[in-house]
Amino acid sequence: VAAEFGNFDRMMTVSEAAAAVDGSQMGLLEEQTISFSDLLYMMLLKSGNDAATVIAENLCGSTEKFVELMNQKLEELGLSDSAHFTNCVGLYDEAHYCPIYDMAIIMREIADYELLKELGKVWMYDMNHSGGRITSLTNIPLSRYVLSGK
């Protein structure tokens, strides 16, 4: 859903709620500003729940509104009978579910977005912060496991 908003260079601000979200975090700080594309890298390469929350809040005004869009997208894809989201970060909730087949359909749908194609190929991404600090995000591509026989 986030990719449909485009303008990946736009800057987004971290809220208090995003900085304190549960689960996997990138360590974003309240009031920090960071580009949409960097947040996507954080979210997809390192499963940064704080990054996902920042994206949802900045694009839709709240995580709840973003989740509504996620569920609307399920409906558009014909998946609303078999999948349902209650949060934008994938935290456990009995009413939050998506079978692997539905995930495959969702992945096929997002394959049309050039930035997301590029994200799938990246195994290391350096993020430059103000003040000269660099954060390196790493990810072992699925192809490495397939090629190694695992």
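What you see is a predicted model; the values in this text were computed from it and never measured.

**Student:** Go over the overall build of the chain, please, and point to the residues and values.
**Tutor:** Per the secondary structure count, the chain includes seven helices and four strands. Mapped from its N terminus to its C terminus, the chain presents α and β elements in the order β-α-β-α-α-α-α-α-β-β-α. In the chain, which comprises 150 residues, the share counted as buried stands at 39%. Across the chain, the fraction of contacts at a sequence separation of at least 24, relative to all contacts at a separation of at least 6, is 48%. For the chain, the accessible surface area stands at approximately 9100 Å², while carbon and sulfur atoms represent 52% of it.

**Student:** I'd like to hear about the environment of leucine 116, residue by residue, with values.
**Tutor:** Residue position: leucine 116 is located in helix 6 (residues 114–121). Taking the C-alpha atoms as reference, leucine 116 lies 9.1 Å from leucine 44; in sequence the two are 72 residues apart. With near-sequence residues (within four places) excluded, leucine 116 lies in contact with Ala3, Leu44 and Ile110.

**Student:** An account of the packing of aromatic side chains is requested, with residue identities and associated values reported.
**Tutor:** By the definition in use, this model includes one aromatic pair. For the pair phenylalanine 8 and phenylalanine 36, a centre-to-centre distance of 5.2 Å together with 40° between the ring planes defines the contact as tilted. Of this pair, phenylalanine 8 sits in the segment before strand 1 (11–13) while phenylalanine 36 sits in helix 2 (residues 36–46), and the two are 28 residues apart along the sequence. On the basis of relative accessible area, phenylalanine 8 is assigned to the partly exposed category, the value being 22%. On the basis of relative accessibility, which here comes to 0%, the residue phenylalanine 36 falls in the buried class.

**Student:** Lay out the confidence of the model for the chain in plain terms, naming residues and giving numbers.
**Tutor:** For the chain, per-residue confidence averages 85 on the pLDDT scale, and residues scoring 70 or more make up 89% of the total. Within the model, pLDDT remains below 50 along residues 143–150, and this stretch shows two contacts once partners closer than five positions in the same chain are excluded.

**Student:** Tell me about unusual backbone geometry, and please be specific about residues and values.
**Tutor:** Although it is not a glycine, glutamate 31 adopts a positive phi angle of roughly 75°. Among the secondary structure elements, glutamate 31 is positioned in the loop between helix 1 (16–19) and strand 2 (33–35). According to the relative accessible area criterion, glutamate 31 is exposed, its value standing at 57%. With a phi close to 55°, serine 47 is a non-glycine residue in the positive phi region. Along the chain, serine 47 falls in the loop between helix 2 and helix 3 (49–60).

**Student:** With reference to specific residues and values, describe the packing of helix 2 against helix 3.
**Tutor:** Relative to each other, helix 2 and helix 3 sit at 140°, their axes nearing to 8 Å. Of the possible angle classes, the one that applies to helix 2 and helix 3 is oblique. Once helix 2 is placed against helix 3, the crossing between them reads as left-handed. Each of Phe36, Leu39, Leu40, Met42 and Met43 in helix 2 lies in contact with helix 3, whose residues at this interface are Ala51, Ala52, Val54, Ile55 and Leu59. Class assignment for the residues of the contact of helix 2 with helix 3 results in 10 nonpolar, no polar and no charged.

**Student:** Please set out the side chain of asparagine 49 residue by residue, giving values where relevant.
**Tutor:** With respect to the helices and strands, the residue asparagine 49 is situated in helix 3. If near-sequence neighbours (up to four positions away) are discounted, asparagine 49 is found in contact with Val21, Asp22, Gly23, Ser24, Val89 and Leu91.

**Student:** Please provide a residue-by-residue account of helix 4 (residues 63–76), values included.
**Tutor:** For helix 4, spanning 14 residues, the distance from its first C-alpha to its last is 20 Å, which sits close to the expected 20 Å at 1.5 Å a residue. Turning to helix 4, its buried residues are Phe66, Val67, Met70, Asn71, Lys73 and Leu74. The buried residues of helix 4 occupy one face: seen down the axis, they fall within an arc of 150°. Facing away from the buried side of helix 4 by more than 90 degrees, the exposed set consists of Glu64, Glu75 and Glu76. Among the structural elements, helix 3 and helix 5 (100–110) are those in contact with the buried residues of helix 4. With its phi angle positive at about 75°, glycine 78 sits one or two positions after the end of helix 4.

Thresholds applied
- Residues numbered from 1 in each chain as written.
- Predicted model: local features only at pLDDT ≥ 70, side-chain atom pairs only at ≥ 80, totals over all residues.
- Heavy atoms only, no water.
- Helix = DSSP H or I, 4+ residues; strand = E, 2+ residues; numbered from the N terminus.
- Buried < 20%, exposed > 50% of the residue type's maximum accessible area, 1.4 Å probe, protein only.
- Contact = heavy atoms within 4.5 Å.
- Areas by Shrake-Rupley, 256 points an atom, 1.4 Å probe, with all protein chains shown as cover.
- Phe/Tyr/Trp six-rings, centres within 6.5 Å; stacked < 30°, edge-to-face > 60°.
- pLDDT = per-residue confidence, 0-100.
- Axes fitted to C-alpha atoms, helices over the stretch in contact; angles between N-to-C directions.
- Parallel < 35°, antiparallel > 145°, perpendicular 65-115°, else oblique.
- Left-handed = near helix turned anticlockwise from the far one by under 90°.
- Nonpolar A, V, L, I, M, F, W, Y, C, P; charged D, E, K, R; others polar.
- Expected span 1.5 Å × (residues − 1).
- Arc of directions from axis to C-beta.

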